[in-house]
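Chains, contacts and geometry: an overview
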Amino acid sequence: MTMNRSPASLGGSPAAKVPGETKTRADSTPSRKRSRSDCASESPIKDQQPAKRRSPRRCNGDREENCIGNHNGSLANGKQLGSPKSPRKRLFGPSNQKPKWNPRDPAQMQAAKQALHLATPPANVVCREVEQKRVIDFCKACIQQSKAGSLYVCGCPGTGKTLSIGKVQEHLLVWSKEEGIQSPDILTINCTSLTSTTEIFSKMLVKFRPTSKIKNFSPLQHLQKIFSQKGQSSGRMMLIVADEMDYLITKDSSVLHDLFMLTTLPFSRCILIGIANAIDLADRFLPKLESLNCKPVVITFRAYSKDQILKILQQRLMVLGCDVFQSAALEFCARKVAAASGDIRRAFDICRSAIEVLEAELRDPTEKKETEIVSFDHMDIAISKSCKSPLVNIIRSLPQHQQVILCSLVRLFRQRKNSTALGEINRSYLDICKSTQIRPIGMTEFADMCRALADQGLLELANSRKDRSKKIKLKVDVSDITFAFKGIRFFQNCLE
Ligand SMILES: Nc1ncnc2c1ncn2[C@@H]1O[C@H](COP(=O)(O)OP(=O)(O)OP(=O)(O)O)[C@@H](O)[C@H]1O
Ligand SMILES: [Mg+2]
């Protein structure tokens, strides 16, 4: 996948076309089951769960001065920092000077990590204004003209696609209310959660026509009927957001084609927004969709640049009202991530890891440095850890079946205990092979692979006459394994 292609064509517009009758084609089940979006909270850093925000009012006594990171989102745009009611002023007094962050205060430390946590929704989506406006304008035009249409939103992982389209939906609901226009009925589907690709049609039918049933028709045929005959569909527009749409790819791509075709039926009310990583999906499917006269408008989310990453990080940290990072440290992180992938999740991970480097330094009694803020050096260590860790490199360069075995171990050890029998690991390994459709190796080879992993110091294998009852222990941290596989969809599926 490359991101250097020219911006995709904007040629498509809400279109209407009388279709031929479309037959239901053989269904197929998506083989992959999880999205990166779903893995948003997965992190190699142990302290992952965002703590509950504390109300500034709950902070008492001298702690009050140090209580940060508990403001509501409206602070994040920075505009309210100077207002008399700003939480910062409440907490730090009327002084115009920036309060100092105290990394020794666990609450402040937690607040800083939380601000950088993926599960913490940002108050604003910065750096995606242009893309969001294009989606909003498109949807508004469809709604105002009661016209169906389709959009295809694509871009590399962690470029804010899901986040931006979520914000667009919120915006459209507010806008239609303000304008006194009937708001669209919205259905958001993460295609990874579908049990079969054609389930998308039954979900649409249930959402938009929960009561109607026509015997001997599939949900797709039913939708086609509704959108082909006058007076069948209600006047309300339907916004369908199909996230991780590449999961709908079948051998003959029929589900994707049928889905987009629904927007071209003469009485269609569908505004379809498909979201996917694959830039090449556009190349592969657009020509066909074009020939079917249902080519969607394509909006590409380019990988974040260094300046954009920096801006997003700064915006996230603004809620704290004080400096947690040296600006050179943040810039360094933004530069490295932009050069590597432009995936904002990586930048958040590295920044949280840099905070932990500082935390460890403060815990170390031999460390004499007077560290009060995350410095360039802390960031350097965090970046090295994430990019150059020898262990991570070893794990990444293992043969695939050994990597899958490690995933099986993570799955078992994440839930409970820290040692198990080889037979149980083998069962977990077989489950993964089945769900990811890779051919499993036999038991003897499996035991050999476990021995090879033990030889590399990744696990400990106790002696036992029977292979199946040999006890296994992980010798590395679960987080090292999840980190090594981070961003690789296949292994993220294995780890679920
Ligand atoms: N512009 C932004 N401003 C603030 N936070 C952002 C921005 N873009 C992304 N994020 C953060 O990064 C996370 C990942 O973004 P998102 O899920 O939208 O990526 P995506 O492009 O959909 O990735 P994928 O292709 O893997 O599904 C979001 O949950 C959000 O916390
Ligand atoms: Mg997404």
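Every chain's residues receive numbers from 1 upward, in the order its sequence appears when written. Labels are handed out in written order, letters beginning with A for the chains and numbers beginning with 1 for the ligands. Reporting in this predicted model follows two pLDDT cut-offs: at least 70 for local features of residues, and 80 or more for side-chain atom pairs to be given and counted; totals over whole chains, interfaces and linings ignore these cut-offs and use all residues. Based on all heavy atoms of the structure, the side-chain values leave hydrogens and waters out of the count.

1. Considerations on helix H12 (residues 344-363)
In this model H12 runs 29 Å from its N-terminal to its C-terminal C-alpha over 20 residues, within 8% of the 28 Å that 1.5 Å per residue would give. Among the 20 residues that make up H12, 14 are buried, leaving the element largely enclosed by the rest of the structure. We call two N or O atoms a polar contact when they sit within 3.5 Å, provided that within protein one can donate a hydrogen and the other can accept it, with sequence-adjacent residues counted only if both atoms are side-chain atoms. Secondary structure elements are defined from DSSP: runs of H or I of at least 4 residues count as helices, runs of E of at least 2 residues count as strands, and each element is numbered from the N terminus. Among the residues of H12, the N-terminal cap falls to aspartate 343, whose side-chain oxygen and the backbone nitrogen of arginine 345 are separated by 2.8 Å. Expected helix span is taken as 1.5 Å per residue step, with the number of steps being one fewer than the number of residues. The rule is simple: take the accessible area with a 1.4 Å probe, protein chains only, and divide by the maximum for that residue type; under 20% is buried, over 50% is exposed, in between is partly exposed.

2. Digging into the packing of aromatic side chains
Under the pairing criterion, centres of Phe, Tyr and Trp rings, with the six-membered ring standing for Trp, must be within 6.5 Å; the plane angle then separates stacked pairs below 30 degrees from edge-to-face pairs above 60, leaving the rest tilted. Enumeration according to the criterion identifies four aromatic pairs in this entry. For the pair phenylalanine 485 and phenylalanine 491, a centre-to-centre distance of 4.2 Å together with 15° between the ring planes defines the contact as stacked. We note that phenylalanine 485, like phenylalanine 491, is buried. A network of ring pairs unites the aromatic residues Phe485, Phe490 and Phe491 as a single cluster.

3. Examining the nonpolar core
By nonpolar core is meant a set of buried Ala, Val, Leu, Ile, Met, Phe, Trp, Tyr and Cys residues that side-chain atoms within 4.5 Å join together. Grouped together as the largest cluster of nonpolar side chains are 39 residues, with contacts concentrated most on Leu313, Leu320, Phe325 and Met379. Of all the secondary structure elements, the ones that give two or more residues to this core are helix H3 (106-115), helix H10 (306-317), helix H11 (327-340), H12 and helix H13 (376-388). With nine residues, H12 is the largest single contributor of residues to this core. For phenylalanine 325, the residues in contact, after removing those within four places along its chain, are Leu116, Leu317, Leu330, Cys351, Ala354, Ile355, Ile373, Val374 and Met379. A contact between two residues is defined here by any heavy atoms of the two lying within 4.5 Å.

4. Re the pairing of strand S2 (residues 185-190)
The buried fraction of S2 amounts to five of the six residues, a majority that puts the element mostly inside the structure. For two strands to be treated as a pair, DSSP must find at least two bridges joining them. In terms of strand pairing, S2 meets strand S3 (residues 238-243) through six bridges, oriented parallel. For isoleucine 186, the partnering residue across the bridge sits in S3 and is leucine 239.

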